[in-house]
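Residue-level structure breakdown
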Amino acid sequence: MKLVFATNNKHKLDEVRKITAQHNIEVVSLADIHCHDEIPETADTLEGNALQKAQYIQDKFGLDCFADDTGLEVEALNGAPGVYSARYAGGEGHNAPGVYSARYAGPGHDSEANMQKLLQEMEGKTNRKARFRTVIALIIGDKQYCFSGIVNGTITTEKKGENGFGYDPIFIPEGYEQTFAELGDFVKNKISHRAKAVEQLDHFLANLNL
Ligand code: IMP
């Protein structure tokens with residue numbers, strides 16, 4: 001089975017392909033289908049954004065598709081940056097408000113600024129609890145499905161580690177003492193928000209009679 005994953009983020013593609021490879025699902029990227037559009041991402045929830053991106057691809061290319069949206073929700077900041085995680089520190093390109101640009105999507109030009117802003121906002125706060133939440137929206141034919149995954153953890157006081165992307169250097173998952181960026185892909189892919197959401201997607205697809 002072939003499905004478009006509405007992203008060009010290499011890290012996300014690698015993470016998802018490693019999980020879906022165990023089954024018969026071929027995941028292709030936006031670049032693979034020659035989509036270089038600015039895809040609207042104007043909803044104020046992760047679910048809304050994920051559905052909006054998947055629907056755009058299905059409408060324009062006629063291909064079944066899934067899209068994800070992820071937010072880092074920090075308890076002491078009332079759930080911020082949440083759905084605004086990508087553009088927390090402002091910024092251009094794929095972080096511009098309301099647009100997911102297939103052209104600019106990559107490791108995240110503004111991850112450094114986003115992390116610095118979050119560390120600043122968290123200065124002096126003793127409650128460091130946070131969670132990553134991923135929502136995957138799948139559109140097959142005229143049917144829509146949503147899957148979500150959460151990983152709880154804490155925000156560090158400084159960046160640590162070189163692996164992963166985005167906020168990984170400042171997030172320690174529950175049950176561990178190192179950040180996602182220190183733990184590396186092998187561990188992250190077993191326990192992450194995205195891994196949990198993709199496992200649900202995978203399970204769903206495996207049980208679907210196509
Ligand atoms: P999006 O889902 O690609 O829009 O991501 C929203 C924001 O969360 C971006 O700033 C990403 O860099 C960040 N992000 C998404 N997934 C992860 C992850 O697995 N680890 C760390 N940061 C992430």
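Quick caveat, the model's predicted, so the values are computed rather than measured.

Another aspect to go through is unusual backbone geometry. Put simply, alanine 80 and proline 81 share a cis peptide bond, and its omega is -5°. Within the fold, proline 81 resides in strand E5 (residues 81–82). With a phi close to 60°, histidine 34 is a non-glycine residue in the positive phi region. With respect to the helices and strands, histidine 34 occurs in the loop between strand E2 (26–28) and strand E3 (38–40). Positioned with a positive phi, asparagine 78 is a non-glycine residue whose angle comes to about 55°. Along the chain, asparagine 78 turns up in the loop between strand E4 (65–74) and E5.

Turning our attention to the side chain of glutamate 41. Of note, glutamate 41 is situated in the loop between E3 and helix H2 (46–61). Classification of glutamate 41 by relative accessible area gives buried; the value is 8%. Of note is the side chain of glutamate 41, whose polar atom sits 2.8 Å from the side chain of lysine 53.

Quick look at the state of the cysteines now. Applying the stated rule across the entire model yields 0 disulfides. Counting only cysteine sulfurs, cysteine 65 is the nearest neighbor of cysteine 35, a cysteine outside any disulfide, at a range of 9.1 Å.

Okay, the site of the ligand next. Lining the immediate environment of the ligand, one finds 14 residues, of which Lys12, Thr70, Asp168, Lys188 and Arg194 sit closest. Within the side chain of lysine 12, one N or O atom sits 2.6 Å away from an oxygen atom of the ligand. Between a nitrogen atom of the ligand and a side-chain N or O atom of aspartate 168, the distance comes to 2.6 Å. Protein coverage of the free-state accessible area of the ligand, which is 480 Å², stands at 93%. Looking at the shell around the ligand, the elements that each hand over two or more residues are E4 and helix H5 (193–206). Residue composition of the shell around the ligand, by class: 4 nonpolar, 5 polar and 5 charged.

A separate point is the packing of helix H1 (residues 10–20) against helix H4 (residues 180–191). For the pair H1 and H4, the least separation of the axes is 11 Å and the interaxial angle reads 55°. Relative to H4, the element H1 is oriented oblique. By crossing handedness, the relation of H1 to H4 is classed as right-handed. Of H4, the residues touching H1 (which contributes Glu15, Lys18 and Ile19) are Asp185, Lys188 and Asn189. Each residue belonging to the contact of H1 with H4 can be placed in one class, and the counts come to 1 nonpolar, 1 polar and 4 charged.

Further remarks concern the confidence of the model for the protein. Close reading of the predicted structure is inappropriate where its pLDDT is low. Averaged over every residue, the pLDDT of the protein is 89; the share at 70 or more is 90%. Per-element confidence in the protein ranges from a low mean pLDDT of 52 for strand E6 (residues 99–101) to a high of 98 for strand E9 (residues 171–173). Per-residue pLDDT stays below 50 along residues 92–97; that stretch engages in 15 contacts with residues further than four places along the chain or on separate chains. Segment residues 102–108: pLDDT under 50, and 19 contacts once partners within four positions in sequence are set aside and those in other chains are kept.

It is worth spelling out the pairing of strand E7 (residues 129–140) at this point. With 10 of 12 residues buried, E7 is to be regarded as a mostly interior element. Alignment of E4 against E7, held across 10 bridges, turns out to be antiparallel. Bridge pairing in E7 links leucine 72 to phenylalanine 132. Both E7 and strand E8 (residues 143–155) contribute to a ladder of 12 bridges, which runs antiparallel. Residue pairing in the sheet places threonine 134 in a bridge with glycine 149 of E8. The turn joining E7 and E8, which pair antiparallel and follow one another in sequence, is formed by 2 residues; a positive phi near 60° is taken by glycine 141.

Turning our attention to the nonpolar core. The tendency in soluble globular proteins is for nonpolar side chains to be buried as a group. Counting residues in hydrophobic clusters, the biggest one holds 18 residues, and the most contacted among them are Leu72, Val74, Leu118, Ile155, Tyr167 and Phe171. Taken together, the elements giving at least two residues each to this core come down to E4, helix H3 (111–121), E7, E8 and H4. Those residues in contact with leucine 118 that lie beyond four places of it in its chain are Leu72, Val74, Leu77, Pro81, Tyr88, Ile155, Tyr167 and Ile170. Listed in part, the 17 residues of the second largest apolar core include Val16, Val27, Phe66 and Phe147.

How each quantity is defined
Residues numbered from 1 in each chain as written. Predicted model: local features only at pLDDT ≥ 70, side-chain atom pairs only at ≥ 80, totals over all residues. Heavy atoms only, no water. Helix = DSSP H or I, 4+ residues; strand = E, 2+ residues; numbered from the N terminus. Buried < 20%, exposed > 50% of the residue type's maximum accessible area, 1.4 Å probe, protein only. Polar contact = N/O pair within 3.5 Å; in protein donor to acceptor, adjacent residues only side chain to side chain. Disulfide = S-S within 2.5 Å. Near = heavy atom within 4 Å. Areas by Shrake-Rupley, 256 points an atom, 1.4 Å probe, with all protein chains shown as cover. Nonpolar A, V, L, I, M, F, W, Y, C, P; charged D, E, K, R; others polar. Axes fitted to C-alpha atoms, helices over the stretch in contact; angles between N-to-C directions. Parallel < 35°, antiparallel > 145°, perpendicular 65-115°, else oblique. Left-handed = near helix turned anticlockwise from the far one by under 90°. Contact = heavy atoms within 4.5 Å. pLDDT = per-residue confidence, 0-100. Pairing = 2+ DSSP bridges. Core = buried A, V, L, I, M, F, W, Y, C linked by side-chain atoms within 4.5 Å.

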